[in-house]
Structure formats: structure tokens, C-alpha cells
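Below are the chains, spelled out letter by letter.
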Amino acid sequence: MSQKSGRVVAVNGNMVSIGFQGNVAMNEVVYVLSKGKRLKSEIIRVKGSEAQAQVYEITKGIRIGDEVEFSEEMLSVELGPGLLGQIYDGLQNPLPEIAEQKGFFLESGVYLRALSRSKRWSFSPQAKPGDILRRGDCIGSVPELHFTHKIMLPFDFFGEWTLADIVPAGEYGVEDAIAHVRDQRGVERELRMMFSWPVKRAVDCYVERLKPKQPMVTKTRIIDTFFPVAKGGTYCIPGPFGAGKTVLQQVTSRNADVDIVILAACGERAGEVVETLKEFPQISDPRTGRSLMERTIIICNTSSMPVASREASVYTAVTIAEYYRQMGLDVLLLADSTSRWAQAMREMSGRLEEIPGEEAFPAYLESVIAAFYERAGIVRLADGSYGSVTIGGTVSPAGGNFEEPVTQATLKVVGAFHGLSRERSDARKYPAIHPLDSWSKYPGIMPKEVVAYAHSFLERSSEVEAMMKVVGEEGTSLEDYILYLKGEFLDAVYLQQNSFDPVDASVSPERQKTMFHLVLEILGADLALKDKDDARGWFYELRQSFLDLNGAAEDGDLYQSSLKTIRETLAARNPRYGSEAKNMLLRLE
Amino acid sequence: MNKLYSHIESIVGNVISVRAEGVAYGELAEVTSRYGVSLAETIRLDKELVYLQVFAGSRGISTGDEVRFLGHPMQVSFSDNLLGRIFDGAGSPRDGGPGLTDNLIAIGGPSVNPYKRIIPREMIRTGIPMIDLFNTLVKSQKLPIFSVSGEPYNQLLARIAMQAEVDLIILGGMGLKYDDYLFFKDSLEEGGSLAKTIMFVHTAADPVVECLQVPDLALAVAERFALKGRNVLVLLTDMTNFADALKEISITQEQVPSNRGYPGDLYSQLASRYEKAVDFDGAGSITTLAVTTMPGDDVTHPIPDNTGYITEGQFYLHGGRIEPFGSLSRLKQLVNGKTREDHRAIMDGMIKLFSSYRDTLEKKSMGFQMSAWDRKLLKYGELFESKMMDLSVNISLEKALDEGWKILASCFEPRETGLRSELIQKFWPKGMVQTEAAAG
């Protein structure tokens, strides 16, 4: 170990300057010793014999001359069994344990271990002495809740290693030695169930990255049918405040068809995290029948917690996601909100007196955002299994204007865009994903042409609506008016979804298909409607029955009766279908 | 320990610097000049230079004035003696009463562990249908009132303060006009609430640095009372002045501005104050209502914009009424499922129809012919505005719901409302006949 020492020479907001002797590494973690507390910090610039560090805590009370301790490590997370169901802050401190020790408040300088050291796990070895191992290879497993948690050769064990010995099946703690490996030069190293990995480096122990193709079902109709997300893909949800970004993410975190969900609450409201962490343990996951919390990890760095750890929190989250991906699992990472993370970068850039880019964001904003989203992906692992990390990030554009730097940088790198609009949320049309602005490059659960066909009604309806604003209802032909009503109908009964209704909140792909077929039967039909009043009245009646249907459980009477009413209402107007409509309906069957 | 320094190195804006040793970041000092003694806070350390922000401003400060460090950060006294008292932004009495120095507590403390928060479950009734019915206020919520100068936002704030059932009211006034300060004092006195009120008031005539302290003082005191089991309502008016003070100070410190001159950390600064709103598990709570006047009535201005992302909704006060569009209580879903079964349906249904009414109004203003449906909407909109939106309406939630059904029934056929059939069967007023607006 080199002889290192350092002292604080300047303090400005959450940045301290350190005068040091010896060698210092960029992004090295250091501790400022102030009033008996150790304040975690990260070196973000080195210049001559002075280094600047961002402090992950409130800097009040730091004095010139305070001693600094060097850790010789980059900011890392602990990886191993015991992460599932946990609630961490941005630096992977377990919040429940901090609450137990310190009460109501998050005092500075308190760091606890992320993984329990006392818990015993029942380990079963899989690799045998003499086996050749590469990083990421499985040497054994432990059951973690209902998952088989693979114990892997740490990701920084480059090259080939030979397993020298391994413990028999039994109960071990995460720090117990479970095996020894030797490299070609005969260097022997001990293996434990846990190891650490620097958060800002992507885990790259896989054979190849594949194209995301398989849809990740969210049970939200407008997403699954119109703007799907694929496993291993990326998507973003920009929207002005109050448009429902967070509610949409909460709904997705409950219903998404993945193995593990990681929620990174980054610089947002504490109250929203609380809802998740109090409610998830009570809700059962329909896939497994176990509590939803058992498949969830929360990384929570809310807006009033120190800014620097906000920046770290998204990396902590994605690193844990990659770790579980290495076990062949599908992981969904929801980051709310990436704008707050970008703002944290901006604050620090300002303190460093870097030359600002647009809206004072640093010039490297785009490349940092791109690098983050690129950590998503579906990969083939060495053992032939597949794992994926899907990333969905909300963006909170200033003034709701999508032209701002963070939204633009994000749009360049994601595969789907769910743009929320103030106009729709004001009219209580939830989820407020704008059907004409949004897009997705991924395949969904319905045939593409049929979706495009349905979407064309929305486009034409909005054209007619715009025209009507100029020429008035009386200047619009009945044919156009019906087109307008069809678009409105599709919007009201299919795009909009009530996330607080027990049935409507989550709609299975099968039910979506049935409903979509039914909606298409109405959209595609030439109908015998007398005049505009007749048309409007008829569509409203249909909408009424359809909304009843949306709220009805499939095994109930209301479901059958509403379905019957809809069929009768439709039949009464003698629907006839052109060749395109017939074709589309056929494709859905 | 309390060493005296008698040479000021630089004076820039309200920031002075002295050469001193052993000073902690955030430490408080006293600056004595020929115009009196002022507090100052350490805002930057650079080698042996200490930069201090002078609360009373730097006007008249001489390079030869004395600076004495106090060895502690900004503090405020906390005890029941605070009740009924009025202080300024430096924590000194404004009401002529004695200064308080017992049981000093630090301000701007650490944030609450999210794990120790609980999900808000209790509604705060205000008697205002636009709040109770459409955007319910919830205990421990943080909500701003977005408004423009000239709107009766302080009147609304005072009315909510007096009608809401809370143990304690703490008013933080920032850049208040003196008249408004007197208005609050008088109306709380008349309403008999002064004894359960504590006021920290910075008026427009006071030094700008003191403006920054007001929310921290108010919230530090609120937090302690909440920990003792009290339900506290904190009123902050006007947060725009607070943000403008931040801007003024960051610009004089030569920080790179991010958006329209505001500092890049505006979001974090506002968030650390608003996030003090909390419901403590096993103790009291803090509910925060704050006024944000929107410069130029522009909601995309950085102050309302950043605020909207932090708070749990917002009320738009416009033309003396709370606007249904844009106004939102994010926590309402936590409580409005337990009030009455028709609450949510009426809330959504009426707003959807009101939105159609606004479209019709637009069509009408452009001179288009009104259809029968349009005429129904016009009638509905007028009734909604007078019976629901008018701020003089003061009725309970249940009465407001009944009123809602009455309005609907007098304008529409049941199927036109988009409400579910089972609710219509139960609540649709019997024997109500549409006074056919379409006839005209």
C-alpha cells in the first residue's frame, strides 16, 4: 500500500478540495473525517496535488484541515444472495436497518453493510475440483426466496481459473470461504458467496448480445398493443408534472412479466416510494403467488437526500440488475426520474466550473445517458441460457417541453417512446400516453398491420377533429363525423385504462386480444347511422357498455351481459365490412 | 474559541470574506458594523479564506468591521413559548416580545428515512368542493397554490388554515407585503387561531438573505412539534420570493445559471424544504401548503415547473377560482376510495364533461352553430362554475357529491355522463326531469 494522506483545503457546497500526498485514483472513494463522522466521497477531478471530491452527505460542519482517508477502491456494490426484497439508498445502505439503529432521520456518516453477514444460506456446489472456470461461471447455488441464486466466479476474475477445492453442501454465510481457484501461474484465490463490483462499469460476462424481440407484457393496453416494450429493450416516459409518469411506472412494476423488478427512485418524492414499500409486501404476484416484494429491489434516493448519491443510485440499480441477468433472469429496471440524475450531474459540473452546455448541463450529458441505457440488453450467457435487463426511465422535462437536452439525449438511445401529454392528463385521459406522438420499434403482442390499421383511425379522427374546429360540426360530413367518433371511441374504451379499478388495472394479453378484436369489429364496420346526433348517441351507448365490460371480471355475470349488450347494439346497426376490415379481423384470429 | 477577526478581505454582494482558522462549513458569525450587529453564515471555505453571507446585507459594512464566529450553525429556539409569537427571518422577535434562547435546535436538518414514513391515510376537510371533492387534501401532503399576483391566494390560504382541523399552524412569510402580513395576523386573530399559530415573517422590506432562512426556521420548528405528536400545518407564502432570493445570491456568487438565471440546484433546494412534509410513524405530521406566484402566469417558468415536480399536486388559483384543469392532488386516491362509493366516479365524470364544455365554449366563441349536445354542455358548465367552483361555496364533501348528481341530472341523460350503470341506478336523482336546454 502506498503511503497516502490528505486534508481538506476548501469546501463549496457538496464539493470538497483535498490536498494530498501519494497517488490518488479517479473515482476513488475517500472518507472525510469530520467531527467523529466518516463522510463518504468520490474523487471527481485531480489537479496537481489537489483533488476535488463530491461528498455523498451534507457538508455542514466540515473544517479546513479535516483529515481524509483513502479507500483505494471505486464506488462499488456488494453482490450476493440477500439483495431481493431489500430497500437501499443510492449507496446501497439498507434503509430498514438504518431506521432500526438511528430512528426517524438519515444522519450523515452512517454506512451499513448491504448484505446480511449473519444470515446463513444453504449452498449446493455445482462445479467440481479441476473444472476450468471463467468469470461469471456458476460454481454452485443457494435458494433465495423462490429463485435459484447462482453463485458465480466474480466478474473481475479475468482469464482461466481452475477450481482447487469447494465446500460440500451446507449452510454458509456470505463471507465464508466456499472454494479456492488457481490461475495458470498458480496464484490461488479464495471465493465467497459475495463479491463487489464497481457500479460505473457494465458487467460484460456474456457470449453475445441479441436483438430484443420478445414483448415484455405490462398489462397496460396502450403499451402492449400500440407501443410495446421488448425484454432487453429500453424505453422512456417523458412528461410534464402531473401527467402520471410515476403512476404508470408503479403499475408497470406490479404487472410486468419479468422475474425481478428493480425500482430506482432517483430524486423524486419520498411519499411515492413509501407507497411501494408498504404496499408491495401485501400484494401477491400473480406469476408466483408470492408477495410482490420478493421479486423487487428498491433503490431509493429521494429528492431531499444528498445530491451526489442520487447520481450513484441509478448505477447501483443497473449493476444489481446486471448481476441477476447473469443468472439467466429477466430483470426490469425502472428509473424515476433520469432528469434528476442529469441535474445532479449538472450541479456537480457547475461546482467544478466546467464550461456549460445547453441549459447548463455538462457537455458529456449525452454520452453518459447513452452509456446508461446501453447497459440494457438481452444476452446469451456462457451456459446457453438467456438473461435480460430492460430499462424504463422517466424524464421530467423542464416546462414539459420535449426539446430540452435530457429528453433529446434519451430519445436518441431508446427503443420506445411513451410521451405523456398535459392535454390528455388535464382531460383525465389516463394513461396519458399520447397516441400520435409516441412510438415503439419493438414487436408487440398483436400483428403490426392490424395495430397500424387501428392507429390510422386515431390519426384520421384527430384530423377530422382539427378540421371541425375550423369548419364546425355542421360543416363536417356524416362520414367524417363517424370517423371522428370511432377514434374517440377507441381512445375512450381501449387506450384509456383505469389503474385504480381492480379489473381494469391489469389486462392480460389474452383479454387484450379479445377486446381488440371487438373494438376492431366496431371500427372496421360501415354502420347504418342516420345523422350526427344519432351517431353520437349510438357511440355513447356503446362506450357505456364497453366501460362496464372493462370493469367486469371475466367470470362474472356483468362480463357476459355487457358483451351481449355490445353485440346487440352493434347488430342493430347492420354492420358491413369491407375487404380491408375483413382481412384485419382475420389476422387477429 | 470565539475569536474576533477585524479585517474583512472582500465584500461582494452580500458575501464578505475573512481570513480565519478552524471555521466549520455552515457556521454562524456575528458581524458588527456601525449600523448594528448582523448574523452571517459560512457558505464557502477556500484555504484560509472564509466566505460569509451577511443576513442584514453588506450595505455599510467596512473592511475594518469585526467578525466573531459563534461555533454553531443557525439555530432556533423550540418550546411551547413559541405559540402565538411572531419572528423575523433571523429568528428575532417581530412582535415586541422577549427573544427566546432556550432549547436551541439546528435548522435544515437531515431528511427523514423513507422507511420510517407511513402512507398518508387521512383526508383534511376544507369545505371547498374544488378541494374536498375534486382534489382532496391529505394529511402530510405538500401542495402549492399556483397563482398570479393579484389573485386572492393569501385569502385562500388563511381560509384553509382556519377551517382545517390541525393542532398547530406555522406561517412562513417570504417577501410578504406588510399589508399581507397584517392581513394574516388579523384574520388568524379574528378566527381565534392566533394562539395556536407561530409566524416567521420576512417582509419585502427586510434583507434578502433572511428570506432564505424562513422556510428552514418554520420547518425545523414544525418538525419538532410533529415529533411530539402534533399535527402541524405549515403555510409558506410566497415561495417565488424564496427562489428569487436564491437566484439573486447565486448570481452574486458567480455560479453558472441553468435556466433563466436560476441556479442549477433550484430543484434540490426546493425539494429539501417541501420534503419535510411527513407523517411520522407513531408521532405527528407536517402538511405544507405553499403559494407559488407564477411570473407572467407561465407554468413552465422554472419556479412553478420545478415545484410541480416536487409537490404532490397543485391547485391553480385563477380568476378567483380553483381551476379544475391542471389542479391535482396526487394523494387523493389514498383517501377518496373510503369516503363515498360515488366520489371517484363523480370526480372524474364531472371533470370530463367540464372539459367538453370548455371545447364547446371555444366553438361557440368562434361563432359555430350549437348542437343540442352543445347546449346541454353549456348549461352544465354554467351550473358547475356557480355551484362547485365558486370559492364562496362552503359545503361538506357529501353535500357536494349530492349537488354533483343534481347538476348532472338536470343537464344530461344518464348514458351521456359516461358513468357506470350501477352508480347511476343508485345515485341518479329520481324524478329529476331535464329542463330541456335543447328546446331553445
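Because the structure is predicted, anything quoted here is derived from the model rather than measured. The numbers attached to residues start from 1 for each chain and follow its sequence in the written order. In the order they appear in the text, chains get letters beginning with A and ligands get numbers beginning with 1. Owing to the predicted nature of the model, reporting of local features is limited to residues with pLDDT of at least 70; listing and counting of side-chain atom pairs is limited to 80 or more, with chain, interface and lining totals taken over all residues.

1. Observations concerning the overall build of chain A
- Summing up its helical and strand segments, chain A has 15 helices and 28 strands in all.
- With the radius of gyration taken over C-alpha atoms, the globule rule is written as 2.2 Å times the number of residues to the power 0.38. Relative to its length of 589 residues, chain A is compact, with a C-alpha radius of gyration of 27 Å against a globular reference of 25 Å.
- Principal axes of the C-alpha set define a box for chain A whose edges measure 90 × 55 × 40 Å.
- This entry defines residue contacts through backbone-placed C-beta atoms, with two residues in contact when those atoms are within 7 Å. Taking all contacts inside chain A whose residues are at least 6 apart in sequence as the whole, residues at least 24 apart take part in 68%. A helix here means a DSSP run of H or I that spans at least four residues, while a strand means a run of E at least two residues long, and both kinds are numbered starting from the N terminus.

2. Focus: the overall build of chain B
- Along its length, chain B carries 12 helices and 22 strands.
- Overall size of chain B, expressed as C-alpha extent along the three principal axes, is 85 × 50 × 40 Å.
- Counting over 440 residues, chain B shows a buried share of 51%.
- Nonlocal contacts in chain B, meaning residues at least 24 apart in sequence, comprise 73% of its contacts between residues at least 6 apart. Here exposure depends only on C-beta density: within 10 Å of a residue's C-beta, 20 or more other C-beta atoms make it buried, 12 or fewer make it exposed, and intermediate numbers make it partly exposed, the C-beta atoms being placed from the backbone.

3. Observations regarding the domain arrangement of chain B
Residue and element names in this part refer to chain B.
- Segment limits for the domains were obtained from an automatic or database-derived domain assignment. Partitioning chain B into domains gives domain 1 (4–73), domain 2 (79–332) and domain 3 (343–439).
- Residue-level contacts link 12 residues of domain 2 with 14 residues of domain 3.
- Among the secondary structure elements, those contributing two or more residues to the side of domain 2 that touches domain 3 are helix H1 (129–132) and strand S22 (321–329).
- Each residue belonging to the side of domain 2 that touches domain 3 can be placed in one class, and the counts come to 7 nonpolar, 2 polar and 3 charged. Residue polarity follows a fixed list, in which Ala, Val, Leu, Ile, Met, Phe, Trp, Tyr, Cys and Pro are nonpolar, Asp, Glu, Lys and Arg are charged, and the others, Gly among them, are polar.

4. Some remarks on the interface of chain B and chain A
- At the junction of the two partners, chain B supplies 61 residues and chain A supplies 65 residues.
- Only strand S5 (36–46), strand S17 (257–259), helix H6 (266–274), helix H7 (302–310), S22, helix H9 (343–365) and helix H10 (372–389) of chain B provide two or more residues apiece to the side of chain B that touches chain A.
- When its residues are assigned to classes, the side of chain B that touches chain A shows 25 nonpolar, 21 polar and 15 charged.
- In this structure, strand S1 (residues 5–12) of chain A lies alongside S5(B), joined through 3 bridges in antiparallel fashion. By the bridge assignment for S5(B), A:Asn12 is matched with B:Arg44. Any two strands with at least two DSSP bridges between them are considered paired.

5. Details of the packing of helix H13 (residues 532–550) of chain A against helix H14 (residues 557–572) of chain A
Residue and element names in this part refer to chain A.
- Working convention: axes come from line fits to C-alpha atoms, limited for helices to the stretch in contact. Angles between N-to-C directions cover 0 to 180 degrees. Interaxial distance between H13 and H14 falls to 8 Å at its minimum, and their mutual angle equals 160°. By the angle between their directions, the pair H13 and H14 is classed as roughly antiparallel. Taken as a pair, H13 and H14 cross one another with a handedness that is left-handed. Packed against H13, whose contacting residues are Glu541, Leu542, Ser545, Phe546, Asp548 and Leu549, the element H14 presents Leu558, Tyr559, Ser562, Leu563, Thr565, Ile566 and Thr569 at the interface. Working definition: roughly parallel below 35 degrees, roughly antiparallel above 145 degrees, roughly perpendicular at 65 to 115 degrees, and oblique for all remaining angles. Each helix crossing is assigned a hand: it is left-handed if the near helix lies turned anticlockwise from the far helix by less than a right angle, otherwise right-handed if that turn is clockwise.

6. Here's the deal with H9(B)
All names here are of chain B.
- The span expected for a helix works out to 1.5 Å for each residue beyond the first. A rise of 1.5 Å per residue sets the reference length of H9, with its 23 residues, at 33 Å; its end C-alpha atoms lie 33 Å apart and thus fit the reference within 8%.
- Every buried residue of H9 is accounted for by His343, Ala345, Ile346, Met347, Gly349, Met350, Leu353, Phe354, Tyr357 and Thr360.
- Contacts made by the buried residues of H9 are with S22, H10, helix H11 (397–411) and helix H12 (421–427).
- Count one or two residues on from H9 and you reach Gly367, which has phi positive near 85°.

7. Description of the pairing of strand S22 (residues 330–336) of chain A
Residue and element names in this part refer to chain A.
- Among the 7 residues in S22, 7 count as buried, and that is most of the element.
- In this structure, strand S20 (residues 260–266) lies alongside S22, joined through 6 bridges in parallel fashion. Within S22, the residue paired with Leu263 across the bridge is Leu334.
- By the bridge criterion, 6 bridges tie S22 to strand S24 (residues 386–395) in an arrangement that is parallel. The residue of S24 that forms the bridge with Leu332 is Thr390.

8. Points about the nonpolar core
- Only buried residues count toward a nonpolar core: Ala, Val, Leu, Ile, Met, Phe, Trp, Tyr and Cys, linked into one set through C-beta atoms within 7 Å. Judged by nonpolar contacts, the single largest core of 296 residues is most densely connected at A:Ile262, A:Ala264 and A:Leu333.
- The element best represented in this core is helix H4 (residues 208–227) of chain B, accounting for 12 residues.
- Non-local contacts of A:Ile262, meaning those with residues more than four positions away in its chain, are made with A:Ile297, A:Ile299, A:Ala317, A:Ile320, A:Ala321, A:Val331 and A:Leu333.

9. Brief notes about the domain arrangement of chain A
Residue and element names in this part refer to chain A.
- What the domain assignment lists for chain A is domain 1 (5–74), domain 2 (79–111 + 206–440), domain 3 (121–193) and domain 4 (448–588).
- With 16 residues of domain 2 at the interface, the matching set in domain 4 holds 18 residues.
- Of all elements in the fold, only helix H2 (221–226) and helix H3 (245–255) reach the threshold of two or more residues within the side of domain 2 that touches domain 4.
- The element that contributes the greatest number of residues to the side of domain 2 that touches domain 4 is H2, accounting for 5 residues.
- Considering only residue class, the side of domain 2 that touches domain 4 consists of 9 nonpolar, 3 polar and 4 charged.

10. What about the sheet that holds strand S13 (residues 161–166) of chain A?
Residues and elements named next belong to chain A.
- Taken in spatial order, the 4 strands of this open sheet run S10-S13-S15-S16, and their pairing is antiparallel. Each edge of the sheet is formed by a strand with only one pairing partner; in this case those strands are strand S10 (132–133) and strand S16 (188–191).
- Bridge analysis of S13 against strand S15 (residues 179–183) gives 5 bridges, and the strand direction is antiparallel. Paired with Asp165 across the two strands is His180, which belongs to S15.

11. A look at the UniProt feature "domain: ATPase F1/V1/A1 complex alpha/beta subunit nucleotide-binding" (unreviewed entry) in chain B
- This chain's UniProt record puts "domain: ATPase F1/V1/A1 complex alpha/beta subunit nucleotide-binding" (unreviewed entry) on residues 127–318 of chain B.
- Along residues 127–318 of chain B, the helical share is 42% and the strand share 28%, with 19 Å between the first and last C-alpha atoms. UniProt positions are given in the numbering used here, feature names are shortened, and annotations may be inferred rather than shown by experiment.

12. So, the sheet that holds strand S12 (residues 147–152) of chain A
Residues and elements named next belong to chain A.
- One open sheet holds the 4 strands; their spatial order is S12-S11-S9-S14, and the pairing between them is antiparallel. Each having just a single partner strand, S12 and strand S14 (170–172) make up the two edges of the open sheet. Geometrically, the sheet is characterised by an average inter-axis angle of 40° between neighbouring strands, direction not taken into account.
- Strand direction decides the pairing type here: strand S9 (residues 121–125) and strand S11 (residues 138–144), joined by 2 bridges, are antiparallel. Bridged to Pro125 within S11 is Gly140.

13. Quick look at the UniProt feature "domain: ATPase F1/V1/A1 complex alpha/beta subunit N-terminal" (unreviewed entry) in chain B
- The feature "domain: ATPase F1/V1/A1 complex alpha/beta subunit N-terminal" (unreviewed entry), as annotated in UniProt, sits at residues 9–71 of chain B in this numbering.
- For residues 9–71 of chain B, helix accounts for 0% and strand for 62%, while the C-alpha atoms at its two ends are 21 Å apart.

14. Describing H10(B)
- Taking 1.5 Å of rise per residue, the 18 residues of H10(B) would be expected to cover 26 Å, and the 25 Å separating its terminal C-alpha atoms lies within 8% of that figure.
- Listed as buried for H10(B) are B:Trp373, B:Asp374, B:Lys376, B:Leu377, B:Lys379, B:Tyr380, B:Gly381, B:Phe384, B:Met388 and B:Met389.

15. Quick look at the environment of A:Lys119
All names here are of chain A.
- Tracing the backbone shows Lys119 in the loop between helix H1 (95–102) and S9.
- Here Lys119 falls in the exposed class, since 11 other C-beta atoms lie within 10 Å of it.
- For Lys119 and Gly82, which are 37 residues apart along the polypeptide, the C-alpha to C-alpha distance reads 8.6 Å.
- Beyond its immediate stretch of four places on either side in the chain, Lys119 contacts Gly82 and Gly173.

16. What about the pairing of S9(A)?
- Pairing geometry for S9(A) and S14(A), over 3 bridges, is antiparallel. By the bridge assignment, A:Ser122 is partnered in S14(A) with A:Glu171.

17. Regarding unusual backbone geometry
Residues and elements named next belong to chain A.
- Of note, the bond from Asp336 into Ser337 is cis; its omega dihedral lies within 30 degrees of zero at 10°.
- Secondary-structure assignment places Ser337 in the loop between S22 and helix H6 (338–351).
- Here Tyr430 and Pro431 are connected by a cis peptide whose omega angle stands at -10°.
- Mapped onto the secondary structure, Pro431 falls in the loop between helix H9 (422–426) and strand S26 (439–440).
- Located in the positive-phi region is Glu72, a residue other than glycine, with phi close to 65°.
- With respect to the element layout, Glu72 can be found in strand S6 (residues 67–74).
- Phi angles above zero are rare outside glycine, and Gln92 is one such case at about 70°.
- If you trace the backbone, Gln92 turns up in the loop between strand S8 (87–88) and H1.

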